[in-house]
Amino acid sequence: MSGPSTYEPKSGFTRWLDDRLPIIRLGWDSFVDFPTPRNLNYWWTFGGILAVFLMIQIISGIILAMHYVPHESMAFDSVERIRRDVNFGWMIQSMHANGAAFFFVAVYLHMFRGLYYGSYKAPREILWILGVVIYLLMMATAFMGYVLPWGQMSYWGAMVITNLIGALPFVGDAIREWLWGGFSVGQATLNRFFSLHYLLPFVIAGVVGLHIWALHVPGNGNPVGLDVRKGDSGKKDTLPFHPYYTVKDGFAIIVYLMVFATFVFFMPNVLGHADNFIEANPLSTPAHIVPEWYFLPFYAILRAVTFDIGPIDAKLGGVLAMFGAIAILFVLPWLDTSRVRSMRYRPLTRWFFIFFVLACLGLGWCGAKNPDDLVFVMGHDAEGHEVGFKFLWFGQLLTLYYFAYFLVILPIMGIIEKPKERPASIEAAVLGTDKS
Amino acid sequence: MTEHNGAPDGHGQEPSRRDFIYIAAGGAAAVGGGLVAWPFVDQMNPAADTLALGSIRVDVSQVSAGSEITVMWRGAPVFIRHRTEEEIADARDVDLSALPDEDARNENAGMEGAPAYDANRVLRPEFLIVKGNCTHLGCVPTSQETSQGGEYEAWYCPCHGSHYDKSARIRRGPAPENLPVPDYFFESETVVKLGLSGEEAANSGWAVA
């Protein structure tokens, strides 16, 4: 959709600048006159929301780094000092901690939007892959950020996750020691995590630039999944980004920020874990280590593999399944064989998608529970203990569905499913008639 | 490169001097790049002062039979348990085939790959000394001292349910290996030194089973 530029510099200075550095033209073509499908719904506002949250995290993070001390004997106290003594530290720390959670809520909705409306399909494969790269970088950043307050969950979360690396054959132990910079999670680990936690958001910002670049070549997808028509009729399919979508995105951003503010000001710790208000203690493991909520589905997949698969032992198998659950997103554009983008016109696959979303939520539930807890009770054994359907089995079932969705359902449905009739154009979909 | 570069100087498909220079320059750049990159990778490995903290001495005279202490060594816990006669008998009355991990996991010199008999995991049967991080994901198992010793009344990892026996060998659960025996020896009747130099290791009395 990168057509000829419509920017016309109005003043002498902007003409002079445009001949030397056409930066105003770039902004104009990208965010003012950018032709955008006229049927975008609110699911398309999460890109803008994510951009806002990246900025919130970077700004609040730079401020926190002015007061935080990355030392194993001082980190915990320095965070408490930020929360109690630093002017407005209570607010900025809360924005940063809750901002991470809201960042992930938005990214998950953004990803489910992409899955539902086929945003990963040609010609947007690279756009999708860059998105998965951003997601991976976000996970790494969030994980290391969670270690910095040096509470019990920080420490033991870091311990569990870095020990996953140790599951790799041959090189696992050496890589783990290299990551730790010692023989265990300690000062060296904390210090480097701080350094990388500061670095990665800027890497994310760079990849976001590529993501937007890749978006602006084919332009936005849209809920009916049709391409914008070529030539003059294409104008009837689109609206200029400004004011139509700046206002729509702006409204969504404000609503989202209102919910965010509710958490920041009225329940700043509700998404945290009580154990993280206890300083890290290498001699005492909390009874129940759980990652932050946004990692729970993957934690459930990790724990679902309790059996050896051929030469792969259960521990390595779990690690492979967990990373595979994300890696599979990279090849998704080639796993989905249907040329119909939007699930609106895929009557069967739509249901499989809805179950996929439920499976992801269910995996999150399993991740928060002890594997031996019961989903529901079916009776009592001879000693009077309750027996029933374990969360472990539930998690295994959902893990199976997670992978089957990508590896079986999407490839097959594209071949056997008869899609519903689609409108002739985006204009026809919006206005109900085909005026072309 | 040879396919495109050979013809003009009349040597047909034979590699030319230019091909050689091209590959040699590229090779030198790759090796040079690797040499420059290595310090930036290696700086993340344990530093000299971290390595220097590799050995400590522990007085075990106050650890009475049937009790245990946990000491910090290299930033991680080490369990030192003074076992009773019953515990030792219990630990030794186990068939190798009952063990998921048949390797003694003894890090002392000469003990690589020794079978997981209790005798291969202790220097003096009454003192069991093992690293205190679960071999699954590194949690610290709870001990029988806290009445949460698990099915074998020894150690139990609460994170993902691994049960260890009275020789700290994995018996049930996701952990793949026995709790490892660190390199140590008894400096005197009551003092254990964790972390050995090579010479001391030679005299430490570990028998190759």
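That block above? That's the structure.
Residues numbered from 1 in each chain as written. Chains lettered and ligands numbered in written order. Predicted model: local features only at pLDDT ≥ 70, side-chain atom pairs only at ≥ 80, totals over all residues. Heavy atoms only, no water.

*Asks:* What's the story with the overall build of chain A in this structure? I'm lost.
*Replies:* Scanning chain A for helices and strands turns up 16 helices and four strands. C-alpha extents for chain A along the principal axes are approximately 75 × 55 × 45 Å. Across the 436 residues in chain A, those meeting the buried criterion constitute 49%. Total accessible area on chain A is roughly 21100 Å²; 69% of this is exposed by carbon and sulfur atoms. Charged side chains in chain A number 31 positive and 31 negative. The centres of these two groups are separated by 11 Å. (Helix = DSSP H or I, 4+ residues; strand = E, 2+ residues; numbered from the N terminus. Buried < 20%, exposed > 50% of the residue type's maximum accessible area, 1.4 Å probe, protein only. Areas by Shrake-Rupley, 256 points an atom, 1.4 Å probe, with all protein chains shown as cover. Lys, Arg positive; Asp, Glu negative; His and termini not counted. Charge placed at Lys NZ, Arg CZ, Asp CG, Glu CD.)

*Asks:* When you look at the packing of aromatic side chains in this model, what are you seeing that I'm missing?
*Replies:* For any pair of aromatic rings, geometry is given as the distance between the ring centres together with the angle between the planes. Residue and element names in this part refer to chain A. On inspection of all chains with the given rule, the structure shows 49 aromatic pairs over all chains. For the pair W43 and F46, a centre-to-centre distance of 6.3 Å together with 35 degrees between the ring planes defines the contact as tilted. F46 gets classed as buried once you look at its relative accessible area, which sits at 10%. The interplanar angle of 65 degrees and the centroid separation of 5.4 Å between the aromatic rings of Y402 and F406 together place this pair among those described as edge-to-face. Taken as a pair, Y402 and F406 lie in helix α15 (residues 391–416) at a separation of four residues, close to a single helical turn. Look at Y402 and you get buried, because its relative accessible area is 5%. Judged by its relative accessible area of 0%, F406 falls in the buried class. (Phe/Tyr/Trp six-rings, centres within 6.5 Å; stacked < 30°, edge-to-face > 60°.)

*Asks:* Would you explain the pairing of strand β4 (residues 127–131) of chain B in this entry?
*Replies:* Put simply, side chains in a regular strand alternate between the two faces of the sheet. Residues and elements named next belong to chain B. Extensive coverage of β4 is indicated by the burial of four of its five residues. Here strand β3 (residues 76–82) pairs with β4 via five bridges, running antiparallel. Looking across to β4, one finds that V78 is bridged to K131. (Pairing = 2+ DSSP bridges.)

*Asks:* Even after reading the chapter, I still don't get the pattern of salt bridges, so can you show me in this structure?
*Replies:* Pairing is possible between side chains of opposite charge, provided their charged atoms come close. Residues and elements named next belong to chain A. Under the defined criterion, the tally for this structure stands at 25 salt bridges over all chains. Between K235 and D232 there is a salt bridge, and its shortest N-O distance comes to 3.7 Å. Taken together, the residues span about one helical turn, with K235 and D232 both in helix α10 (residues 232–237) at a distance of three residues. Accessibility classification places K235 together with D232 in one group, the exposed group. Overlapping salt bridges bring together K121, D336, R346 and E417 as one network. (Salt bridge = Lys/Arg side-chain N within 4 Å of Asp/Glu carboxyl O.)

*Asks:* Hey, could you run me through the state of the cysteines in this one?
*Replies:* Formally, a disulfide is one covalent bond, and it connects the sulfur atom of one cysteine to the sulfur atom of another. All names here are of chain B. In the structure shown here, the tally under the stated rule is one disulfide over all chains. Between the sulfur atoms of C139 and its disulfide mate C159 the distance is 2.2 Å. Handedness of the C139-C159 disulfide follows from its S-S torsion of about -105 degrees: it is left-handed. Of the two residues, C139 is situated in the loop between β4 and β5 (142–143) and C159 in the loop between β6 (155–157) and β7 (162–164); the sequence distance between them amounts to 20 residues. (Disulfide = S-S within 2.5 Å.)

*Asks:* Would you take a moment to explain the sheet that holds β4 of chain B for this structure?
*Replies:* Sheet strands pair via backbone hydrogen bonds, and the direction of the pair is either parallel or antiparallel. Residue and element names in this part refer to chain B. Taken together, three strands build an open sheet; the order of strands is β2-β3-β4 and the sheet is antiparallel. Each of the sheet's edge strands pairs with one partner strand only, and the pair in question is β2 (67–73) and β4. Taken over all neighbouring pairs, the strand axes of this sheet differ in orientation by 20 degrees on average, direction set aside. (Axes fitted to C-alpha atoms, helices over the stretch in contact; angles between N-to-C directions.)

*Asks:* Mind showing me how you'd approach the side chain of S119 of chain A here?
*Replies:* Relative to the elements of secondary structure, S119 of chain A occurs in the loop between α5 (89–116) and α6 (125–147). Dropping the residues within four chain positions of it, S119 of chain A is found in contact with R113, G114 and R124 of chain A. (Contact = heavy atoms within 4.5 Å.)

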